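Examination of the molecular architecture
Each chain is listed here by its residues.
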Amino acid sequence: MSADKNLLSKLAVGDKHGEDSPYFDGWKAYDNNPFHPDHNPQGVIQMGLAENQLCSDLIKEWIKANPQASICTAEGIDGFSDIAVFQDYHGLKQFRQAIAAFMERARGGRVKFEEERVVMSGGATGANETLMFCLADRGDAFLVPTPYYAAFDRDLSWRTGVRLIPVECNSSNNFQVTKQALESAYLNAQETGIKIKGLILANPSNPLGTSLNKETLQTLMDFINDKQIHLVCDEIYAATVFAEPGFISVAEMIQEMDHVNRDLIHIVYSLSKDMGLPGFRVGVVYSYNDAVVTCARRMSSFGLVSSQTQSFLAAMLSDKIFVDNFLKEVSKRVAKRHLVFTEGLKEMGVSCLASNAGLFVLMDLRQMLRDQTFESEMSLWRIIINKVKINISPGSSFHCSEPGWFRVCFANMDEDTLQIALQRMKSFVVRDKENKNCNNKKRKSFQENLKLSFSSKMYDDHVRSPRLMSPHSPLVRT
Amino acid sequence: MGLLSRKATCNSHGQDSSYFLGWEEYEKNPYDDIKNPDGIIQMGLAENQLSFDLIESWLAKNPDAANFEREGQSIFRELALFQDYHGLPSFKKAMADFMSENRGNRVSFDPKKLVLTAGATSANETLMFCLADPGDAFLLPTPYYPGFDRDLKWRTEAEIVPIQCTSANGFCITKSALEEAYEQAQKLNLKVKGVLITNPSNPLGTTTTRTELNHLLDFVSRKNIHLISDEIYSGTVFTSPGFISVMEVLKEKKLENTDVSKRVHIVYSLSKDLGLPGFRVGVIHSNDDIVVAAATKMSSFGLISSQTQYLLSSLLSDKSFTKNYLKENQIRLKNRHTKLVSGLEAAGIECLKSNAGLFCWVDMRHLLRTNTFEAEIELWKKIVYEVKLNISPGSSCHCNEPGWFRVCFANMSEETLKVALNRLKMFVDGLLSTTRSQSEHRRLRSLRKMKVSNWVFRLSFHDREPEER
């Protein structure tokens, strides 16, 4: 099946791609038994995928009304040959302009972006890797606050050889990153001879679903400026912010904090989350450092955006009326989904980290753990996947320092499916609570039986105890 | 700037080379038959602009592909969300079939062994990441595509050691050249992981012969190393001896399913054959499951846009379209090639005899002031700035003999090609009458044909500083 492994590179035979992590196991369970309302109503519901499926109708409408935007239709075909040969790594000027304009509108017009600094990449995945190649050598390190997006391990480290040093955040202050945590991580690294080249984080955060407030942003900028290390802000969820404090981009902070060295500031953007177009592979590196712009642009040869896609998006994103309406709707629809989901969870006594952005919530199931360990988190997670039949992501896959947190996505399905998921969660939670009220021995045997005949028990329990959980229950977090 | 990585501050991206400088000059002063008739004509870009009308007429007849529709139903949402790095199955199948068709169906490709990448640029880099550790080397026959220095070495930190090929035998790859390159790598303390060839060759425009392919397979078999065959020009073969893929030779030698077949990897793309470089469509084909698995994961860094995959899966699944396209494309390339070759002949310039590609490998050794690379660059600058033609000097392709230039013919209209050829003729006539007597010119031409001339050229190569390669 394969040649002698010694003949291949270490990259090819190793596992630093990180795809053996449980983050991906859940996907496998889903792939083997995917939910479908008609064909497979007992299948696994996918809530581990941070996709935005809420606004595709708006884009479809625009496409129908604008056939000239495609180089393949009768109305647009005159542009076909010019676009088909266009492989200049600067990208189509109209595309760069449209992206810069879109990024500005997503920040309420509070900042200006220069189109010459817009550099393409193979999605945010490509953008993050490219920045690492530009800013760090093999063996250098970047600080990253936990919990963080599971695939950063692959994107930032795999082929680049750059190390990730976690900056631990915890629930005592809603996982906000503190100066103390930053200084401590930096110092520890220095003491062990590790060279820190920068700090990378997502704002809004994945998996927290929160956007950074001004104070935290100031702390971060002062920190990196003090150490003269880079700051990479992955702002791919910018338009999903729906509540206070609103979205504050590092681009806005630069305007206010004159003393910060701009050569250290870099933004990653993409249309995969805000517009729900992950298939089109539109990533952007936006750097305030000229040398980085030049280098990243040369590297973009390895992941240019298809000119067909550039041309289409240049037309759509230049339509200011469309863009403004779209951004308004995204925020509105994400807010609504978030509310439906969190209220539904609240009713069953499950709380989530308070959040104002993102396509997911961080659900607090610490009370459901057998003990506060990651082993218990994994056991609970397996039950949720295999018995409750919902694919959610365990906090450990995001390097969360506390067990019991789970990221649950809510924008990648229709409302009916969301309701079914909530029902399944409810049945599970109610049953679990009831059993916690019994003594330990009974609880142990329940968990054993759970593996054998969960589904029939679920139905019976639901019929027997349809009431909602008491608001005074210890499981309801204040 | 200690702030940035070594990769950001060095020049291993190779973009300071003359290959790219010529482009920059063109960008500043591009030819336009109406708006800028004195501008620089771009002949340094290996693009195929000859057959767009065939694709455009297909599009006109197939509105579904254009409108994100399948059988009248909108699949926009499906496509917008599709980011599975295994790729659209219908697209992979269509690519596998197209690749087989390009080889006269003498071999077949398994879609499960294909990996989709953002262009051949990304495919080649990805294969390096999978086959070589930093510091390992790949052997490449010279002259080779200038972009390889960036694609194969820059971020991977792999090395290239050249397999020296010369005009003495039409730049064919010989057994001794392979062995010498391997020894050279050993002297430099580099671990050789494989050989990479481009077949048909860029910049030579020739297909690799069966003899060469046999030598290569023997060599990689004995040394227990890989063979990458970049076959992105396979659909541009317009005359005999025809295209022989290394996959065919594996089959002929009954080496399929052996260890060596697992070390043979093909790179393909639609940038040259279909003239769609903007769409970023690259492919790796490997018989090694681990390579396929690792490369598939790496393709996350450069996936093909789903709307492009969908469009092309429709286009390439239309077998009557592909059959007609391949045939017609070859006829047009052949015509264009003939026009360039005869135009150059009229200017007293010969080319390496070629049967493929979008360019000719042109012999201007007789126009050099001296048989040196300095003289080559001097001549090149005259051609770019005075004659206003951007062509690529052989040194940028790591050719070890000065005086060869790659001239593209498929990226412009016929009228523009005529203009370019006229300019060149006028330049050559002028050059020969002012700098050389006719007899001196003839003497040099006959010198070139003698074997001893190759000894002279080799000496002049070794005299050069390594950085000049």
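Here is what the cut-offs are and how they apply
- Residue positions are counted from 1 within each chain, in the order its sequence is given.
- Here chains are named by letter from A upward and ligands by number from 1 upward, in the order in which they appear as written.
- Only residues with pLDDT of at least 70 get local features here, since the model is predicted, and only at 80 or more are side-chain atom pairs given and counted; chain-wide, interface and lining totals rely on the full set of residues.
- For side-chain calculations, the full set of non-hydrogen atoms in the structure is used, while hydrogens and water are omitted.
- Each helix is a run of H or I in the DSSP string that is no shorter than four residues. Each strand is a run of E no shorter than two, and both are numbered from the N terminus.
- Per-residue accessibility, obtained with a 1.4 Å probe over protein chains only, is compared with the maximum for each type, and a residue is labelled buried under 20%, exposed over 50%, and partly exposed between these values.
- The sign given to each residue is positive for Lys and Arg and negative for Asp and Glu; His and the chain ends receive no count.
- Take a side-chain nitrogen of Lys or Arg and a carboxyl oxygen of Asp or Glu: if they are within 4 Å of each other, that pair is a salt bridge.
- Between N or O atoms, a polar contact is any pair within 3.5 Å; within protein, one atom must be a potential hydrogen donor and the other a potential acceptor, and residues adjacent in sequence are included only when both atoms are from side chains.
- For this analysis, residues touch if any pair of their heavy atoms sits within 4.5 Å.
- Each pair of strands is called paired provided DSSP finds at least two bridges between the two strands.
- UniProt positions are given in the numbering used here, feature names are shortened, and annotations may be inferred rather than shown by experiment.

1. Brief notes about the side chain of A:Arg297
All names here are of chain A. Structurally, the position occupied by arginine 297 is in helix H11 (residues 290–299). One buried charged residue, arginine 297, forms no salt bridge at all, with the nearest opposite charge on aspartate 88 at 6.9 Å. From its side chain, arginine 297 meets the backbone oxygen of glutamate 116 in a polar contact 2.7 Å long. Beyond its immediate sequence surroundings of up to four residues, arginine 297 is in contact with Tyr89, His90, Glu116, Val119 and Val292.

2. What to know about the pairing of strand S13 (residues 405–409) of chain A
Residue and element names in this part refer to chain A. Burial analysis of S13 places five of its five residues in the buried class, the great majority of the element. Burial along S13 is two-sided: Trp405, Arg407 and Cys409 facing one way and Phe406 and Val408 facing the other are all buried. Pairing between strand S10 (residues 360–364) and S13: five bridges, direction antiparallel. Residue pairing across strands places methionine 363 opposite phenylalanine 406, the latter belonging to S13. Pairing of strand S12 (residues 393–394) with S13, which is carried by two bridges, proceeds in the antiparallel orientation. Its bridge partner being in S13, serine 393 is matched across the sheet by arginine 407.

3. What to know about unusual backbone geometry
Cis geometry marks the peptide bond from A:Glu244 to A:Pro245; its omega dihedral reads 0°. By the secondary structure assignment, A:Pro245 is in the loop between strand S6 (230–234) and helix H10 (250–256). In this structure, the amide linkage connecting B:Asn202 to the following residue, B:Pro203, adopts the cis form with an omega of 20°. The topology assignment puts B:Pro203 in the loop between strand S7 (192–198) and helix H10 (210–223). With phi around 60°, B:Phe171 is a residue other than glycine that occupies positive phi space. Among the structural elements, B:Phe171 can be located in the loop between strand S6 (159–163) and helix H9 (175–187). The backbone of B:Lys254 shows a phi angle near 55°, a positive value even though the residue is not glycine.

4. A few points about the UniProt feature "domain: Aminotransferase class I/classII large" (unreviewed entry) in chain A
The UniProt entry lists residues 45–424 of chain A under the feature "domain: Aminotransferase class I/classII large" (unreviewed entry), expressed in the numbering used here. When the span residues 45–424 of chain A is considered, its composition is 41% helix and 15% strand, and the gap between its end C-alpha atoms is 10 Å.

5. So, the pattern of salt bridges
For the coordinates displayed, the defined rule picks out 46 salt bridges over all chains. Note that B:Arg365 and B:Asp363 form a salt bridge whose closest N and O atoms lie 3.0 Å from each other. Grouping residues by exposure puts B:Arg365 and B:Asp363 together as buried. Here the salt bridges do not stand alone but share partners, grouping A:Asp57, A:Glu329, A:Lys332 and A:Arg333 into one network.

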